[in-house]
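In case you want the letters, here they are:
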Amino acid sequence: MSPETADLTQTLAADNLQCAIPTDPAAIVIFGASGDLVKRKLIPALYDLATHACLAPRYAILGFARSPMTDDSFRSATGDAIRRISEVGPVDPARWSDFARCLAYFQGEYHDPQAYQKLVARLAELDRERGLGGNRLFYLSTPPELYGPVIEQLGRAGLSRPANDKSWVRIIIEKPFGRDLASAKNLNSVVLRSFDESQVYRIDHYLGKDTVQNLLVFRFGNSIFEPLWNRNYINHVQITAAETLGVERRASYYETAGAIRDMIQNHVLQLVSMVAMEAPAIFDATAVRNEKLKVLQSIRPYGPEAISKLVVRGQYGAGTIAGAAVPAYRQEPSVKPDSRTETFVAAKLAIDNWRWAGVPFYIRSGKRLNRRVSEIAIRFHRAPHVMFRGRNISPNWMVVNIQPDEGISLSFEAKLPGPEMKIRTVTMDFTYKEAFGPGSRSAYATLLNDCMRGDATLFDRADSVEAAWTLVDPILQAWQNSPVSFPNYPAGSWGPQEAMDLLVRDGQAWRFS
Ligand code: BG6
């Protein structure tokens, strides 16, 4: 990189994260404030927004939870966490103390109507003291079984409606949104009894990742890729969301979820929609979400026979990751010794529409896999006729690296220098770091910022959550009634053999296996 380019990327990195217009003043109430997500992701994201002039100078963040805590102990718990574990980089003490002044804690029982009456009074007080104009953002980060009760109580206390015609009230609901189709529908009806759909922001943090949003710019802001983006040129698509981490300290949640509810129903199907959608007429929440919904509705539903052939589940046994021995899932704390929870899923999807007829989408996600990588790999058809007889010609690939090396790479064939016609595959790479410098914003910060501006483009709508569950429900039911033989892949591998066979049967192979 030349010194001029290096300067430019540094400036870009610093500027990119600043906001030209801050959000409206508001009170942000986080339910489940003593939880891990709040310390690891939400408070760091809000701090990042505050320090880059994205939040209005007047705001208040009120943590709501059952644990006894004072404002000060909440401030120091979140302060310790941001310094220890968050991704926002070094924390400036002066900036942190400015930010911490806007943090407060509210102890309450989630089911207790009186707690919400007190919350009404506390919010009115914050409005008066800080001039917040009655704007409120509620963030549900509790265990999922509390979403319904909290929403109902907010409705009963009159907190779901704006106080006047100039203020707004919005609610962000964490995933998992339901645990099957029936519970998702039920939760949607609970939400919509108290809130209007326009107030509801169902969050999927994958949509806040720059690389995922960049799919829209890449596909619809350039003229050279979209003509190739269909069955005439694309042979198949592989989507991988692989983690090296195990279940960590989340077994009590994960045991009730498994990889299909935790990753496939939401993050991975979101990626499928972003890759496969048609061009929206405009970049707004309705147009983009309409197109994504159509993709989910076009995915061929699985019947029982297709599930046994096209969907693979796995659970990790003991193994080695980066040279260190790690235990089997069934030996993790709080996991049942005969747990049937899957930690890996792979599947072959068919999208029944004109663009994608006959193009398989292979998807997979798992914990304790060989390496951390999330990517979308597009495999193009081979050249129709190869005139270089006896030479091995590889097909072209385009890979969108979602993480950890954010960027896009295109591989193609090139002639080696020298007198002979020797051919080798080379790649052309765009990386976020090189092009824009090291600064990046967490997905949570992006999404919180969007919600506070009233932009729901990157959030899920009631109909698309239900469409995703419609696909996943028959798989859950089939698995409930069929035997499993777990563990079936060692930690540190790329998953069970059946996941490899899914592609081998079609004469293909995963990019990593
Ligand atoms: C969360 C899942 O939604 O996404 C976790 O609950 C998973 O189990 C995480 O580890 C992966 O997110 P990322 O951004 O690290 O790929």
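Structural notes, computed from the coordinates.

### A look at the overall build of the protein chain
Okay, so step 1: Looking only at helices and strands, the protein chain has 15 helices and 18 strands in total.
Okay, so step 2: Since a compact globule built from 513 residues should have a radius of gyration of about 24 Å, the 24 Å found for the protein chain is in line with a globular shape.
Okay, so step 3: Referenced to the eigenvectors of the C-alpha coordinate spread, the extents of the protein chain come out at roughly 80 × 60 × 50 Å.
Okay, so step 4: Going through the 513 residues of the protein chain one by one, you find that 54% of them count as buried.
Okay, so step 5: Put simply, 77% of the contacts in the protein chain that link residues at least 6 apart link residues at least 24 apart.
Okay, so step 6: In the protein chain, 59 side chains carry a positive charge and 55 a negative one; their mean positions are 3 Å apart.

### Some thoughts on the pairing of strand β16 (residues 407–415)
Along any regular strand, the residues point their side chains to alternate faces of the sheet.
Okay, so step 1: Note that strand β15 (residues 397–403) and β16 share five bridges and pair antiparallel. Residue Asn401 lies in a different strand from β16, and its bridge partner there is Gly407.
Okay, so step 2: Counting the residues between successive antiparallel strands, the hairpin from β15 to β16 contains three residues.
Okay, so step 3: Pairing geometry for β16 and strand β17 (residues 423–431), over nine bridges, is antiparallel. Following the sheet pairing, Glu413 is matched in β17 by Thr425.

### Concerning helix α13 (residues 443–452)
An α-helix turns once every 3.6 residues. As a result, residues three or four positions apart point the same way.
Okay, so step 1: For α13, the buried fraction is high: ten of the ten residues fall into the buried class.
Okay, so step 2: Of the positions making up α13, those classed as buried are Ala443, Tyr444, Ala445, Thr446, Leu447, Leu448, Asn449, Asp450, Cys451 and Met452.
Okay, so step 3: Buried positions along α13 lie against β1 (26–31), α2 (36–51), β4 (136–140), β5 (169–173), β6 (200–202) and α8 (210–220).
Okay, so step 4: At the exit of α13 stands Gly454, carrying a positive phi of roughly 80°.

### Let's talk about the sheet that holds β15
Okay, so step 1: In spatial order, the strands read β8-β12-β13-β7-β14-β15-β16-β17; together these eight strands make up an open sheet with mixed pairing. Each edge of the open sheet is held by one strand with a lone partner, namely β8 (311–314) and β17. Each strand axis lies, on average, 15° off the axis of its neighbour in the sheet, ignoring direction.
Okay, so step 2: Two strands pair when backbone bridges link them, and strand β12 (residues 344–349) and strand β13 (residues 361–366) are joined in this way by six bridges, in the antiparallel orientation. Residue pairing in the sheet places Ala346 in a bridge with Arg364 of β13.
Okay, so step 3: Lying over the sheet, α8 contacts β14 (373–380), β15, β16 and β17, oriented at roughly 145° with respect to β15.

### Describing the pattern of salt bridges
Okay, so step 1: One pass over the structure, following the stated rule, counts 23 salt bridges.
Okay, so step 2: Notably, a salt bridge pairs Lys367 with Glu243, separated by 2.9 Å at the nearest N-O pair. With Lys367 in the loop between β13 and β14 and Glu243 in the loop between β7 (234–242) and α9 (251–276), this residue pair connects regions lying 124 residues apart in the sequence.
Okay, so step 3: The exposure class assigned to Glu243 is partly exposed, which follows from its relative accessible area of 22%.
Okay, so step 4: One continuous salt-bridge network, built from bridges that share partners, spans Arg219, Glu226, Glu278 and Arg355.

### As for the site of the ligand
Okay, so step 1: Around the ligand lies a shell formed by Lys175, His205, Tyr206, Lys209, Glu243, Arg250, Asp262, Met263, His267, Lys367 and Gln403.
Okay, so step 2: A distance of 2.5 Å separates an oxygen atom of the ligand from a polar atom in the side chain of Glu243.
Okay, so step 3: Taking Lys367, its side chain carries an N or O atom lying 2.8 Å from an oxygen atom of the ligand.
Okay, so step 4: About the coverage of the ligand: the protein hides 80% of its 390 Å² of free accessible area.
Okay, so step 5: Per-element tally for the shell around the ligand: the top contributor is α9, with three residues.
Okay, so step 6: In terms of residue class, the shell around the ligand is made up of two nonpolar, three polar and six charged.

### So, the nonpolar core
Okay, so step 1: In terms of nonpolar packing, the biggest core is built from 159 residues, with Phe31, Tyr116, Leu119, Ile151, Val272, Phe361 and Ile376 touching the most fellow members.
Okay, so step 2: Broken down by element, the residue count for this core peaks at 15 residues, all from α9.
Okay, so step 3: With residues up to four places along the chain from it excluded, the contact list for Tyr116 reads Phe31, Phe64, Glu109, Tyr110, Val150, Gln153, Leu154, Ala157 and Leu159.

### Topic: the state of the cysteines
Okay, so step 1: Summed over the entire model, instances satisfying the criterion amount to one disulfide.
Okay, so step 2: The disulfide partner of Cys19 is Cys54, and the S-S distance across this bridge is 2.0 Å. Where Cys19 bonds to Cys54 through sulfur, the torsion about that S-S bond is close to 85°, and the disulfide is right-handed. Highlighted residues: Cys19 in the loop between α1 (3–16) and β1 and Cys54 in the loop between α2 and β2 (59–65), separated in sequence by 35 residues.
Okay, so step 3: For Cys102, which is in no disulfide, the shortest distance to another cysteine sulfur is to Cys54 and amounts to 15 Å.
Okay, so step 4: A residue is classified by how much of its surface remains accessible, and Cys102, at 12% relative accessible area, is buried.

### A look at the packing of α9 against helix α14 (residues 462–480)
Okay, so step 1: Look at α9 against α14: their axes get within 10 Å of each other, and the N-to-C directions meet at 145°. You can see that α9 and α14 cross each other, and the crossing is right-handed. Along its contact with α9, which presents Ile260, Arg261, Gln265 and Leu269, the element α14 presents Val465, Ala468, Trp469, Leu471, Val472, Ile475, Leu476 and Trp479.
Okay, so step 2: Within the contact of α9 with α14, the residues separate by chemical class into ten nonpolar, one polar and one charged.

### A few points about the packing of aromatic side chains
Okay, so step 1: In the structure shown here, the tally under the stated rule is 25 aromatic pairs.
Okay, so step 2: Relative to Tyr432, the ring of Phe430 has its centre 5.1 Å away and its plane inclined at 50°; by these criteria the two rings are tilted.
Okay, so step 3: With relative accessibility at 27%, the residue Phe430 sits in the partly exposed group.
Okay, so step 4: Judged by its relative accessible area of 18%, Tyr432 falls in the buried class.
Okay, so step 5: Clustering of aromatic rings is evident, with ring pairs tying together Phe31, Phe64, Phe106, Tyr110, Tyr116 and Phe138.
Okay, so step 6: It is Arg371 that lies over the ring of Phe512; its NZ or CZ is 4.4 Å from the centre.
Okay, so step 7: Over the ring of Trp397 we find Arg511; its NZ or CZ atom is 6.0 Å from the centre of that ring.

Definitions and cut-offs
- Residues numbered from 1 in each chain as written.
- Predicted model: local features only at pLDDT ≥ 70, side-chain atom pairs only at ≥ 80, totals over all residues.
- Heavy atoms only, no water.
- Helix = DSSP H or I, 4+ residues; strand = E, 2+ residues; numbered from the N terminus.
- Rg over C-alpha atoms; globule rule 2.2 N^0.38 Å.
- Buried < 20%, exposed > 50% of the residue type's maximum accessible area, 1.4 Å probe, protein only.
- Contact = heavy atoms within 4.5 Å.
- Lys, Arg positive; Asp, Glu negative; His and termini not counted.
- Charge placed at Lys NZ, Arg CZ, Asp CG, Glu CD.
- Pairing = 2+ DSSP bridges.
- Axes fitted to C-alpha atoms, helices over the stretch in contact; angles between N-to-C directions.
- Salt bridge = Lys/Arg side-chain N within 4 Å of Asp/Glu carboxyl O.
- Near = heavy atom within 4 Å.
- Polar contact = N/O pair within 3.5 Å; in protein donor to acceptor, adjacent residues only side chain to side chain.
- Areas by Shrake-Rupley, 256 points an atom, 1.4 Å probe, with all protein chains shown as cover.
- Nonpolar A, V, L, I, M, F, W, Y, C, P; charged D, E, K, R; others polar.
- Core = buried A, V, L, I, M, F, W, Y, C linked by side-chain atoms within 4.5 Å.
- Disulfide = S-S within 2.5 Å.
- Left-handed = near helix turned anticlockwise from the far one by under 90°.
- Phe/Tyr/Trp six-rings, centres within 6.5 Å; stacked < 30°, edge-to-face > 60°.
- Lys NZ or Arg CZ within 6 Å of the ring centre and 35° of its normal.

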